[in-house]
Amino acid sequence: MIAVTFIEHDGSEHRAQGDAKQSLMEVARDNNVPGILADCGGACACATCHVMVADDWWSRLPDAAAEEDSMLDLGLEQRTERSRLACQITLSEELNGIVVNMPESQI
């Protein structure tokens, strides 16, 4: 199992575990992590699973595809240089322990 820590805007932490090849969004959904809406179910067609990847983990991720980058541009005032869509991050052993922060709002 891959350990994941989701940190809400107010600092509340939610620790979860998922399987390799699951998306970060699926882990959040399966573990009832509040703040990850996942309205499109992981199709990269919305931005309601926006997370900010902690600095220590950023370099371990592949670059965002153009489609994901475009979704992140749609009305998200909270986008940062570490913003990603959780549905586009696939868990692997290399990401065991990953930490992501969530914005105050997904909409």
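Looking at unusual backbone geometry
In this model, Lys 21 sits at a positive phi of 85 degrees, which is unusual for a non-glycine residue. For Ala 38, which is not a glycine, the phi torsion comes out positive at approximately 55 degrees. Mapped onto the fold, Ala 38 is located in the loop between helix 1 (24–30) and strand 3 (50–53). On the basis of relative accessibility, which here comes to 16%, the residue Ala 38 falls in the buried class.

So, the packing of aromatic side chains
Taken as a whole and judged by the stated rule, the model has 0 aromatic pairs. The aromatic ring of Trp 57 is capped on one face by Arg 60, whose charged end is 4.1 Å from the ring centroid.

Some words on the environment of Ser 12
Relative to the elements of secondary structure, Ser 12 occurs in the loop between strand 1 (2–7) and strand 2 (13–18). Distance from Ser 12 to Glu 104, taken between C-alpha atoms, is 12 Å for residues 92 residues apart in sequence. Beyond its immediate stretch of four places on either side in the chain, Ser 12 contacts Phe 6 and Ile 7. Within polar-contact distance, the side chain of Ser 12 engages the side chain of Asp 10 at 2.8 Å.

Looking at the pairing of strand 1
Burial within strand 1 is extensive, with 5 of its 6 residues counted as buried. Relative to strand 2, strand 1 runs antiparallel, the two being bridged by 6 bridges. Pairing of Ala 3 across the sheet is with Gln 17, part of strand 2. As consecutive antiparallel partners, strand 1 and strand 2 are separated by 5 residues, and within that stretch Gly 11 has a phi angle of approximately 95 degrees, a positive value. Bridge analysis of strand 1 against strand 5 (residues 98–101) gives 4 bridges, and the strand direction is parallel. If you follow Ile 7 over to strand 5, its bridge partner there is Asn 101.

The rules behind these values
Going along each chain's sequence as written, the residues are numbered from 1 onward. Confidence filtering applies because this is a predicted model: local features only for residues at pLDDT of at least 70, side-chain atom pairs given and counted only at 80 or more, and all residues used for totals across whole chains, interfaces and linings. The basis for the side-chain values is all heavy atoms of the structure; hydrogens and waters are excluded. Labels follow the DSSP assignment, with helices taken as runs of H or I lasting at least four residues and strands as runs of E lasting at least two, numbered in each case from the N terminus. Buried means the residue's accessible area, taken with a 1.4 Å probe over protein chains only, is under 20% of the maximum for its type, while exposed means over 50%, and partly exposed covers the values in between. In summary, the pairing rule links any two rings of Phe, Tyr or Trp, Trp by its six-membered ring, whose centres are within 6.5 Å, and it sorts them by plane angle into stacked for under 30 degrees, edge-to-face for over 60 and tilted for everything else. Over a ring means this: the NZ of a Lys or the CZ of an Arg is within 6 Å of the ring centre and within 35 degrees of the ring normal. Every residue pair with non-hydrogen atoms within 4.5 Å of one another is taken to be in contact. Whenever two N or O atoms come within 3.5 Å, that pair is a polar contact, provided that in protein one can donate a hydrogen and the other can accept it, and provided that, for residues adjacent in sequence, both atoms are side-chain atoms. If DSSP finds at least two bridges between two strands, the strands pair.

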